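Now for the letters of each chain:
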Amino acid sequence: MRKVKLGNTDLEVTPVGFGVMTINKFQLDLPLQEGAELVKYAMQRGINFFDTAQYYETYDYIREALKMYYAEDPGAPAPVICSKCLDESYDEMKYAVRQALDEMGLEQIDIFLLHEVRAGTDFEDRAGAWKYLQEAKNEGLVRYIGISTHNVAAAEKMAEIEECDIVFPLINYAGLGIRNGEEAGTPEQMAAAIKKLADKGKGIFAMKAFGGGNLTGSYIKALDYVFGLEGVECAMLGIGKKEEVDTMIAYAEGTLSPDYEPDVSEKKIYINQGDCEGCGSCKERCPNGAIFWNDDGLADVNHDICLTCGYCAPVCPVRAIILY
């Protein structure tokens, strides 16, 4: 598969990447061997870009996949791996980087990001973590650093941060999950921020092209929109099946039928408990009363009465509502 260069870095990645969160315990909860086999399958099919994070708890899947991948072909090219951490302090980030290296069996990780940087003073509040990332890069533990964000203002800010190499922004044609400061953001605003970042030479790969699965039924429309944006070099897609690997490769290689429509009839609405903040927006919006408070005080779904209408997804401020 062809490769694209991420901004001014020397990283060359496939235009579609494998988002590993989908297989974790919060979503598909795949057994270790099954999940690792899926990751290995993507590697062998030519996908070379994989995204994970400390809180996804998926390092063991990647470690086992790499073991099998190299056991079958010791000379196989190394994949590009990105991880992220939500913490603020120097020591917490130092631990997170070491944990990622140790648990994936790596001596160096290609990309490490401040995870989900929000607007306001969030970047400044995480100055200690950012300081350690710069040191880790200087020491060779990490090759490139940056942020992931759902927020237009946070993305725009990174255009002025010289040390930031990579930005991983949320963008989709429906604007699901996009924020701007403390308010809802628009696709147009995030697209403008992405262009600004690209003009500064930042490497950019996009998240949530399918809006957490809610736009999967418009597969080609969703990907065409993201890849049509100036500055987007790669889209990171959540993957849970081998068929999904095959489909995204076919799209990237231009062999997917223009009439392709995935079967989403068996998919259900879920609320990612690791992301939900219990704000109640989805509960208020649900037309059938299918969303309730669980014992942890977070939103959950009664699938017996859920209409799978998707009305809840656009009002979630943290894109915790997913369809799979």
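On a predicted model such as this, the values are computed, not experimentally measured, just so you know. (Residues numbered from 1 in each chain as written. Predicted model: local features only at pLDDT ≥ 70, side-chain atom pairs only at ≥ 80, totals over all residues. Heavy atoms only, no water.)

Chemist: With reference to specific residues and values, describe the packing of helix H2 (residues 59-72) against helix H3 (residues 90-104).
Modeler: Contact pair H2 / H3: the axes reach a minimum separation of 8 Å and the direction vectors enclose 40°. When the interaxial angle is binned, H2 and H3 end up oblique. The segment H2 lies against H3, with Tyr 59, Ile 62, Arg 63 and Leu 66 engaging Gln 99, Ala 100, Glu 103 and Met 104. The residue inventory of the contact of H2 with H3, partitioned by class, reads 5 nonpolar, 1 polar and 2 charged. (Axes fitted to C-alpha atoms, helices over the stretch in contact; angles between N-to-C directions. Helix = DSSP H or I, 4+ residues; strand = E, 2+ residues; numbered from the N terminus. Parallel < 35°, antiparallel > 145°, perpendicular 65-115°, else oblique. Contact = heavy atoms within 4.5 Å. Nonpolar A, V, L, I, M, F, W, Y, C, P; charged D, E, K, R; others polar.)

Chemist: Mind laying out the pattern of salt bridges, listing which residues take part and the relevant values?
Modeler: On inspection of all chains with the given rule, the structure shows 17 salt bridges. Note that Arg 143 is salt-bridged to Asp 110, the shortest N-O span being 3.2 Å. Taken together, the residues span a long stretch of sequence, with Arg 143 in strand S7 (residues 142-149) and Asp 110 in strand S6 (residues 109-114) at a distance of 33 residues. Judged by relative accessible area, which is 10%, Asp 110 ranks as buried. Three or more residues joined by partner-sharing salt bridges are found here, namely Asp 10, Asp 110 and Arg 143. (Salt bridge = Lys/Arg side-chain N within 4 Å of Asp/Glu carboxyl O. Buried < 20%, exposed > 50% of the residue type's maximum accessible area, 1.4 Å probe, protein only.)

Chemist: Describe the packing of aromatic side chains, and please don't skip the residues or the numbers.
Modeler: Working definition: an aromatic ring pair is given by the centre-to-centre distance plus the angle between the planes. Applying the stated rule across the entire model yields 12 aromatic pairs. Judged by centre distance (5.3 Å) and plane angle (65°), the ring pair of Tyr 55 and Tyr 56 falls under edge-to-face. Considered together, Tyr 55 and Tyr 56 belong to a single accessibility category, that of buried residues. With a centroid separation of 5.3 Å and 85° between ring planes, the pair formed by Tyr 219 and Tyr 260 is classed as edge-to-face. Taken together, the residues span a long stretch of sequence, with Tyr 219 in helix H8 (residues 219-227) and Tyr 260 in the loop between helix H9 (242-252) and strand S13 (269-271) at a distance of 41 residues. Aromatic rings pair up to connect Phe 26, Tyr 55 and Tyr 56 into one cluster. (Phe/Tyr/Trp six-rings, centres within 6.5 Å; stacked < 30°, edge-to-face > 60°.)

Nothing here speaks to function; it is geometry throughout.
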